[in-house]
Amino acid sequence: MRDVIELLLKALAYSSGIAIGAAGITMIYMATRTFNFTHASMIAWGFYIVFATYSLLGGSPYYYIVLAALFSGMLGVIVYLGVNRRLLKAGASMVTLMMSTLGVDLIFFAFLNIFADYLSTGLKIPTARYFVLELKDIVLAKIGGMEIKAIGIIAPLVMIGVTIALHSFLTKTKFGIAMRAAIENPNLASILGINPEAVYITAWFIGGMLAGLAGGLLSLVISGYPAVGMTLIVTFFCGAIVGGLYSIFGSLLGGLLIGLSEYLGIYSLSASLGGWVLAYRPMIPLLIMAATLLVYPRGLGGINWARVRETITSYFKFLGGGR
């Protein structure tokens, strides 16, 4: 029982991080129709900002997660102003936009390796190329030999907070409503006096910030190393696609579903088949994505949830009447 609870808490923490990062991918895609491959390095930089500041300043890794989010948010702005903006104005195709972010991601990855080497050789931090911040997590309680770590509680709460904050921003603030209008119809928004440029910059900042936030939280769940973003990017993209690339809240749900399925699925498979199956872990989110799209081509965000709710309500009313 103890092992099951620990597994579920860790799976929930992992899937919460995936959900937050998937929402960032969707935010950028909705705004500029760009599949952002720099998301991989933004996530990895989130890991390293938390690790580096904790190693140098001490305290708790949680102190530096907001800094990681802000840093990756600025990376998003750099990508937009340096590359994406010019390509959008030139009318570049979706493939060109996507491949440009892949090139920038390799540049960010190179700088991340330089940073890791500097931490290792310059600042004499021996674990800079492979670290486990999970060992530095706060233990909230010990129950019968079971440790309840903070990340299992904090990550889901942060995900809920992000959901509420995004909903409030996009539906209850003037800029958020203008942002939605500009995403839906940039030409009409310009006529109405909405500045699409401000919308695009904000979308890239929020998308990058969510990537850094996801990386900061996941640094307390899994091991960190320079290529960690490249390892995780398949899962993040699957979460965004399963959720529907036109729904931020769908991507949060999709990321949560993908994260839970991947974490619990690979644990079950490795327990029954052996450790060799761990190498095939990326297949789980890809299979779930394929199965979901076969049933719901537009992802979870494309489902008419109001109609689903009405159907369920009618069914239970029918059952109640039958009694």
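For the structure itself, look to the data block above.
In this convention, every chain numbers its residues from 1, walking through the sequence in written order. For a predicted model such as this one, the threshold for reporting local features is a pLDDT of at least 70, and the threshold for listing and counting side-chain atom pairs is 80 or more; totals across whole chains, interfaces and linings nevertheless cover every residue. Hydrogens are left out, water is left out, and the side-chain values use all remaining heavy atoms of the structure.

Draft legend 1. Seen up close, the overall build of the chain. The way it works is that DSSP assigns letters per residue, a run of H or I at least four long becomes a helix, a run of E at least two long becomes a strand, and they are numbered from the N terminus. Scanning the chain from N- to C-terminus turns up 12 helices and 2 strands. For the chain, the sequential pattern of α-helices and β-strands runs α-α-α-α-β-β-α-α-α-α-α-α-α-α. Radius of gyration here is computed from C-alpha atoms only, and the compact-globule reference equals 2.2 Å multiplied by the residue count raised to the power 0.38. Against the compact-globule benchmark of 20 Å for 323 residues, the chain has a radius of gyration of 21 Å, which places it among compact chains. Expressed as lengths along the three principal axes of its C-alpha atoms, the size of the chain is roughly 65 × 55 × 35 Å. Working definition: with a 1.4 Å probe on protein chains only, accessible area under 20% of the residue-type maximum means buried, over 50% means exposed, and in between means partly exposed. Among the 323 residues that make up the chain, the fraction classed as buried is 47%. In the chain, of all internal contacts separated by at least 6 residues, the share reaching a separation of at least 24 is 75%. Here the chain displays about 15700 Å² of accessible surface, and carbon together with sulfur accounts for 69% of that area. Note on definitions: a residue-residue contact is assigned when non-hydrogen atoms from the two residues lie within 4.5 Å. Computed by Shrake-Rupley with a 1.4 Å probe, the accessible areas treat only the displayed protein chains as cover when residues are assessed.

Draft legend 2. Quick look at the environment of Ala52. Here Ala52 is to be found in helix α2 (residues 39–57). Sequence-wise, Ala52 and Val4 are 48 residues apart; in three dimensions their C-alpha atoms are separated by 32 Å. Apart from residues no more than four positions distant in its own chain, Ala52 is found in contact with Phe115 and Leu119.

Draft legend 3. Expanded view of unusual backbone geometry. Positive phi values are uncommon outside glycine, yet Arg33 reaches one of about 55°. Position of Arg33 among the secondary structure elements: in the loop between α1 (2–32) and α2. Here the phi dihedral of Lys124 falls at roughly 60°; this positive angle occurs in a residue that is not glycine. By secondary structure assignment, the location of Lys124 is in the loop between α4 (94–122) and β1 (139–143).

Draft legend 4. Summary view of the pattern of salt bridges. One speaks of a salt bridge when a side-chain nitrogen belonging to Lys or Arg is within 4 Å of a carboxyl oxygen belonging to Asp or Glu. In this structure the tally under the stated criterion is 4 salt bridges. Between Arg85 and Glu197 there is a salt bridge, with the nearest N and O atoms lying 2.8 Å from each other. With Arg85 in helix α3 (residues 65–89) and Glu197 in helix α8 (residues 196–218), this residue pair connects regions lying 112 residues apart in the sequence. In this structure, Asp117 and Arg129 form a salt bridge, with 3.0 Å as the shortest nitrogen-oxygen distance. Linking Asp117 in helix α4 with Arg129 in the loop between α4 and β1, this pair joins segments that are 12 residues apart in sequence.

Draft legend 5. Inspection of the layout of surface pockets at higher detail. The computed volume of the largest pocket comes to approximately 410 Å³. Residue lining of the largest pocket: 20 residues in total, with Tyr14, Ile222, Glu262, Tyr263 and Arg281 positioned closest to the centre. Listing elements by their share of the lining of the largest pocket, those giving two or more residues are α1, α9 (228–243) and α10 (248–273). Of the residues belonging to the lining of the largest pocket, the class tally is 13 nonpolar, 4 polar and 3 charged. Using only the protein atoms, space was sampled on a 1 Å grid; points where a 1.4 Å probe fits but cannot get out form cavities, open sets with protein on both sides within 12 Å along at least five of seven lines form pockets, and lining residues are those with an atom within 4 Å of a point. Grid points are joined across faces, edges and corners, and a volume is the space filled by probe spheres set on the points. Empty space within the second largest pocket amounts to approximately 280 Å³. Met30, Leu170, Arg180, Glu184 and Tyr246 are, among the 13 residues lining the second largest pocket, the residues nearest its centre. Polar here means any residue outside two lists: the nonpolar Ala, Val, Leu, Ile, Met, Phe, Trp, Tyr, Cys and Pro, and the charged Asp, Glu, Lys and Arg; Gly therefore counts as polar.

Draft legend 6. View of a nonpolar patch on the surface. Every patch collects residues that have over 30% relative accessible area and no salt bridge, joining them within 9 Å if they carry like charges and within 5 Å if they are nonpolar side chains (Val, Leu, Ile, Met, Phe, Trp, Tyr). A surface patch of nonpolar side chains, amounting to about 550 Å² of accessible area, comprises Ile138, Leu140, Ile153, Leu157, Ile160 and Ile164. It is helix α5 (residues 151–172) that contributes the most residues to the nonpolar patch, 4 residues altogether. If you trace the backbone, Ile138 turns up in the loop between α4 and β1.

Draft legend 7. Expanded view of the packing of aromatic side chains. Pairing of aromatic rings covers Phe, Tyr and Trp, the last counted by its six-membered ring, and requires centre-to-centre distances within 6.5 Å; plane angles under 30 degrees mean stacked, over 60 mean edge-to-face, and any other angle means tilted. Summed over the entire model, instances satisfying the criterion amount to 14 aromatic pairs. Judged by centre distance (6.1 Å) and plane angle (80°), the ring pair of Trp276 and Tyr280 falls under edge-to-face. When its relative accessible area of 55% is taken as the criterion, Trp276 is described as exposed. The exposure class of Tyr280 is partly exposed, given its relative accessible area of 45%. Grouping aromatic residues by their ring pairs yields a cluster made of Tyr29, Phe35, Phe37 and Phe237. By the criterion adopted, a ring carries a charge over it if an Arg CZ or a Lys NZ lies within 6 Å of its centre and within 35 degrees of its normal. In this structure, Arg33 is placed above the aromatic ring of Tyr29, and the distance from its NZ or CZ to the ring centre is 5.8 Å. Directly above the aromatic system of Tyr14 lies the positively charged group of Arg281, at a separation of 5.3 Å from the ring centroid.

Draft legend 8. Representation of α5 in the model. Along its 22 residues, α5 runs 30 Å from first to last C-alpha, staying within 8% of the 32 Å computed at 1.5 Å per residue. Taken together, the buried positions of α5 are Ile151, Gly152, Ala155, Pro156, Met159, Val162, Leu166 and Leu170. Each buried residue of α5 lies within a common arc of 130° when the element is viewed along its axis, so the set occupies one face. Summarising the geometry of α5, the exposed residues directed more than 90 degrees from the buried face are Leu157, Ile164 and Lys172. What a helix is expected to span follows from its residue count: subtract one and scale by 1.5 Å. What the arc covers is the set of directions going from the helix axis to the C-beta atoms.

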